[in-house]
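So the chains spell out like this:
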Amino acid sequence: MRVIYLIVRYITVIGTFLQAFFEHLVCRTYEILIEDGRYLRANEMCGHVEHEIIRKRSKIFGVCFFPFLFNLLIGLVLVSVGSVNVYYLGEFFTSSGMVHIANFLFLWVGISCLTNLFPQMEDALTLREEIYGKGKSNLFVRIIAAPIFAVLYAGAYLQKWGLTLITSVAFSFAVPLILGTFVPAIYSTIS
């Protein structure tokens, strides 16, 4: 399965690079020692920076959550623009008959960012240990962190097997319908 993981990572190279960049940025912000700062490697660290083991709850949460948040915001904006234009408005060509590269580029970069949202599995397991380990945190923190941790952990597991590409493409098909719920003008154009 490592081959599938690497193929997905290299197909979505923009999102892979952005995830590693944001992870690098967060590690620098929290003053976490980075052992290997290469972003694109042919192993399970592709799209991640190798850093020291983090034993502080706020730092490991930041390393897991903030790259997720940044890639999510970029991916949502770009997939929204690209999927509405390509899938539902059918803007494949410009008025002069040329292929509308920008729409496809928005869609590819957006899917690429949404595919590479989640932390590496080791960071997710460390986050679980720091939040849910014996005597690590109180009940209130455990309850508040549960939904965020569940998303990060499940996403890290799916990303480990390369399945987040499938979920991102499926989500890109659903985005115009979701937007149509909130913006009626889009819904009337789609119908």
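Keep in mind it's a predicted model, so treat the numbers as computed, not measured. (Residues numbered from 1 in each chain as written. Predicted model: local features only at pLDDT ≥ 70, side-chain atom pairs only at ≥ 80, totals over all residues. Heavy atoms only, no water.)

**Q** Got a minute to help me understand the side chain of T126 in this structure?
**A** By the element assignment, T126 lies in helix α5 (residues 121–132). We classify T126 as buried; its relative accessible area is 15%. Within the structure, the side chain of T126 is placed 2.8 Å from the backbone oxygen of E122, a separation counted as a polar contact. Beyond its immediate stretch of four places on either side in the chain, T126 contacts I54, R55 and I60. (Helix = DSSP H or I, 4+ residues; strand = E, 2+ residues; numbered from the N terminus. Buried < 20%, exposed > 50% of the residue type's maximum accessible area, 1.4 Å probe, protein only. Polar contact = N/O pair within 3.5 Å; in protein donor to acceptor, adjacent residues only side chain to side chain. Contact = heavy atoms within 4.5 Å.)

**Q** Mind showing me how you'd approach the environment of W161 here?
**A** Within the fold, W161 resides in the loop between α6 (139–160) and α7 (164–182). Residue W161 is classed as partly exposed on the basis of its relative accessible area, which comes to 29%. Once the C-alpha coordinates of W161 and V3 are considered, the two residues, 158 residues apart in sequence, prove to be 9.4 Å apart.

**Q** For this particular structure, what's the right way to read α5?
**A** Every α-helical turn comprises 3.6 residues, leaving residues that sit three or four positions apart pointing alike. The end-to-end C-alpha distance of α5, which contains 12 residues, comes to 16 Å, matching closely the 16 Å that a straight helix rising 1.5 Å per residue would cover. For α5, every residue scored as buried is listed here: M121, D123, A124, T126, L127, E130 and I131. The inward-facing, buried residues of α5 contact α2 (13–29), β2 (50–51), α3 (57–88) and α6. (Expected span 1.5 Å × (residues − 1).)

**Q** Which parts of the structure should I look at to understand the nonpolar core?
**A** The nonpolar side chains of a soluble globular protein tend to be buried, and buried together. C27, V63, F68 and L127 are the most contacted members of the largest nonpolar core, which has 26 residues in total. Mapped onto this core, the elements with two or more residues apiece are α2, α3, α4 (101–115), α5 and α6. The element that contributes the greatest number of residues to this core is α3, accounting for seven residues. Setting aside anything within four residues of it in sequence, one finds F68 in contact with L117, F118, V151 and L152. Ranked by size, the runner-up nonpolar core spans five residues in total, among them L18, L78, V109 and C113. (Core = buried A, V, L, I, M, F, W, Y, C linked by side-chain atoms within 4.5 Å.)

**Q** When you look at the packing of α5 against α6 in this model, what are you seeing that I'm missing?
**A** Working note: a packed helix pair is described by the angle between its axes plus the distance between those axes. The interhelical angle for the contact between α5 and α6, taken along N-to-C directions, is 160 degrees, at an axis separation of 9 Å. Considered as vectors, α5 and α6 are oriented roughly antiparallel to each other. Considering the relative orientation of α5 and α6, their crossing is left-handed. Contact residues: α5 offers M121, A124, L125, L127, R128, I131 and Y132, while α6 offers R142, A145, A146, F149, L152, Y153, A156 and Y157. Across the contact of α5 with α6, the residue classes break down as 13 nonpolar, no polar and two charged. (Axes fitted to C-alpha atoms, helices over the stretch in contact; angles between N-to-C directions. Parallel < 35°, antiparallel > 145°, perpendicular 65-115°, else oblique. Left-handed = near helix turned anticlockwise from the far one by under 90°. Nonpolar A, V, L, I, M, F, W, Y, C, P; charged D, E, K, R; others polar.)

Remember that the coordinates give geometry; whether it matters functionally is a separate question.
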